[in-house]
Structure formats: structure tokens, C-alpha cells
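Geometric and topological summary
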Amino acid sequence: MTTIKIKLILPYIGIPIAAAVLLLLRAGRIDPFITLRHGILIVFSYIAAVLDIKVKRIPNSLVLAMLAAWVLIMTPRLFFDIDTAIALLADSALGFAVGGGIFLLVYIISRKGLGGGDVKFMAVAGLYSGLAGILPAMLIGTVFAALVGFLLILLKRIGRKDTMPLAPFLFIGILVTVYLL
């Protein structure tokens with residue numbers, strides 16, 4: 001993230017913080033660990049969306065920071081509740097494989113029509129969401145992106161060969177999944 005100015009992110013950080021606060025308000029009904037995990041996912045997803053809009057890429061440093069945060073919040077869980085932690089690790093591994101695998105397949109088939117940052121981002125987002133969360137997030141995000149893209153083509157705002165950042169739509173898919181599941 002050294003080449004990307006932090007100033008790009010700071011004005012926009014209020015939105016994910018507000019989303020995380022809303023998540024905390026419903027935390028009485030949810031395990032605090034899951035609330036923390038979802039709050040961190042929301043913040044990182046929002047930063048990825050802003051960066052994808054502003055600089056047209058999701059930097060590896062952001063994905064690595066997201067991965068490091070996941071390791072930091074999972075490690076204590078291993079010491080306090082090993083049985084639940086093992087189940088969460090298995091679910092996270094499936095989310096990682098499915099989230100990254102599906103997007104990697106699309107990346108290869110579309111001949112880089114999808115960005116490599118999107119592939120890495122969704123793989124790590126799968127760690128946070130697990131299998132049950134990453135699939136609906138991907139579906140909602142990509143369907144919403146397709147609808148918006150189709151509408152923009154109809155309105156002649158973009159051409160068929162033009163590109164759109166995908167991370168903002170994935171952020172919306174992640175938000176919907178976190179709040180509805």
C-alpha cells in the first residue's frame with residue numbers, strides 16, 4: 001500500500017465504521033467472535049471497493065493485511081475453544097477454496113477479464129465468511145455488477161469492451177450476506 005496514498009481511504013472510512021457499529025448493535029444475538037470477524041471483513045471489503053474505484057486495483061498489501069487480521073483473530077480461538085475453532089477452520093478453508101477457486105476459474109476462462117486482485121480478495125474473504133457466506137456474497141455481488149453493467153451499456157455510458165471495478169459490488173454482496181445470514 002506504499003504506492004497508494006492513505007489519503008484516498010481516509011475520507012471514506014466512516015461508512016464501514018458505521019456498518020461495523022450497526023453490526024455491533026445486533027451483537028447481543030450473535031457470538032462476539034463472529035461479530036468481530038464480520039466487522040473486520042466489512043472494513044477491509046470497503047477499503048478494497050474504494051481502492052478499486054480510485055486506482056483500479058486491489059493491492060496485495062491489502063489482501064495480506066486482511067489475511068494477517070484473520071490469523072490474529074483466529075489464533076486466540078484455538079486456545080479457548082479448540083472444538084469450535086477446528087470447525088471454523090474447516091469452514092474457512094472451504095470458503096477460501098471456493099471463493100478463490102471460482103474467481104480463479106473465471107479469471108482463467110475470461111483471459112484476465114476479471115482482475116487478479118479480485119481473485120485474491122475473494123479467496124481471503126472466504127476465510128472470513130466460510131462456505132455458507134461466500135457463495136451468496138459472490139452471487140449477489142456479481143449479479144448486481146452484471147445488472148449495473150447491462151444498464152450502463154443500454155444507457156451508452158460504457159461500451160461492451162469497457163471495464164468496471166468489481167470490488168464495490170462484492171462489498172455490497174458481502175454486506176447483504178453479513179446482515180441477512
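Residues numbered from 1 in each chain as written. Predicted model: local features only at pLDDT ≥ 70, side-chain atom pairs only at ≥ 80, totals over all residues. Heavy atoms only, no water.

**Digging into the overall build of the protein chain**
Check the secondary structure of the protein chain and you find six helices and zero strands. Along the protein chain, helices (α) and strands (β) appear in the sequence α-α-α-α-α-α when read from the amino end. A burial count over the protein chain gives 40% of its 181 residues as buried. Residue pairs at least 24 apart in sequence account for 72% of intrachain contacts in the protein chain once pairs closer than 6 positions are excluded. Carbon and sulfur atoms form 73% of the exposed surface of the protein chain, whose accessible area is close to 10100 Å². (Helix = DSSP H or I, 4+ residues; strand = E, 2+ residues; numbered from the N terminus. Buried < 20%, exposed > 50% of the residue type's maximum accessible area, 1.4 Å probe, protein only. Contact = heavy atoms within 4.5 Å. Areas by Shrake-Rupley, 256 points an atom, 1.4 Å probe, with all protein chains shown as cover.)

**Concerning the nonpolar core**
Within the largest apolar cluster, 40 residues are counted, with the highest numbers of intra-cluster contacts made by Met66, Phe103, Phe121, Met122 and Tyr128. Dropping the residues within four chain positions of it, Tyr128 is found in contact with Arg37, Ile40, Leu41, Phe44, Met66, Ala69, Trp70 and Ile73. (Core = buried A, V, L, I, M, F, W, Y, C linked by side-chain atoms within 4.5 Å.)

**What about the side chain of Ser92?**
Relative to the helices and strands, Ser92 is located in helix H4 (residues 82-109). A distance of 2.8 Å separates a polar atom in the side chain of Ser92 from the backbone oxygen of Leu127. With near-sequence residues (within four places) excluded, Ser92 lies in contact with Trp70, Gly126, Leu127 and Gly130. (Polar contact = N/O pair within 3.5 Å; in protein donor to acceptor, adjacent residues only side chain to side chain.)

**Some remarks on the packing of helix H2 (residues 32-55) against helix H6 (residues 167-180)**
Where H2 meets H6, the closest approach of the two axes is 8 Å, and the angle between their N-to-C directions is 160 degrees. With respect to H6, the element H2 is oriented roughly antiparallel. With respect to the hand of their crossing, H2 and H6 are arranged in left-handed fashion. Along the contact surface, H2 presents His38, Leu41, Ile42, Ser45, Tyr46, Ala48, Ala49, Asp52 and Ile53, while H6 presents Ala167, Pro168, Phe171, Ile174, Leu175, Val178 and Tyr179. Residue composition of the contact of H2 with H6, grouped by class: 13 nonpolar, two polar and one charged. (Axes fitted to C-alpha atoms, helices over the stretch in contact; angles between N-to-C directions. Parallel < 35°, antiparallel > 145°, perpendicular 65-115°, else oblique. Left-handed = near helix turned anticlockwise from the far one by under 90°. Nonpolar A, V, L, I, M, F, W, Y, C, P; charged D, E, K, R; others polar.)

**Some details on the confidence of the model for the protein chain**
The predicted structure's coordinates, where accompanied by low pLDDT, should not be read in detail. Per-residue pLDDT for the protein chain has a mean of 85; in total, 83% of the residues score no lower than 70. Mean pLDDT per element in the protein chain: helix H1 (residues 14-25) is the minimum at 62, and helix H5 (residues 116-154) is the maximum at 95. Low pLDDT, under 50, characterises residues 1-6; the stretch is placed with nine contacts to residues that sit more than four places away or in other chains. (pLDDT = per-residue confidence, 0-100.)

**With respect to unusual backbone geometry**
The phi dihedral of Lys56 falls on the positive side, at around 60 degrees, and the residue is not glycine. Its place among the elements puts Lys56 in the loop between H2 and helix H3 (60-80). When its relative accessible area of 58% is taken as the criterion, Lys56 is described as exposed. Notably, Lys156 is not glycine yet its phi reads approximately 60 degrees, a positive angle. For Lys156, the position within the fold is in the loop between H5 and H6.

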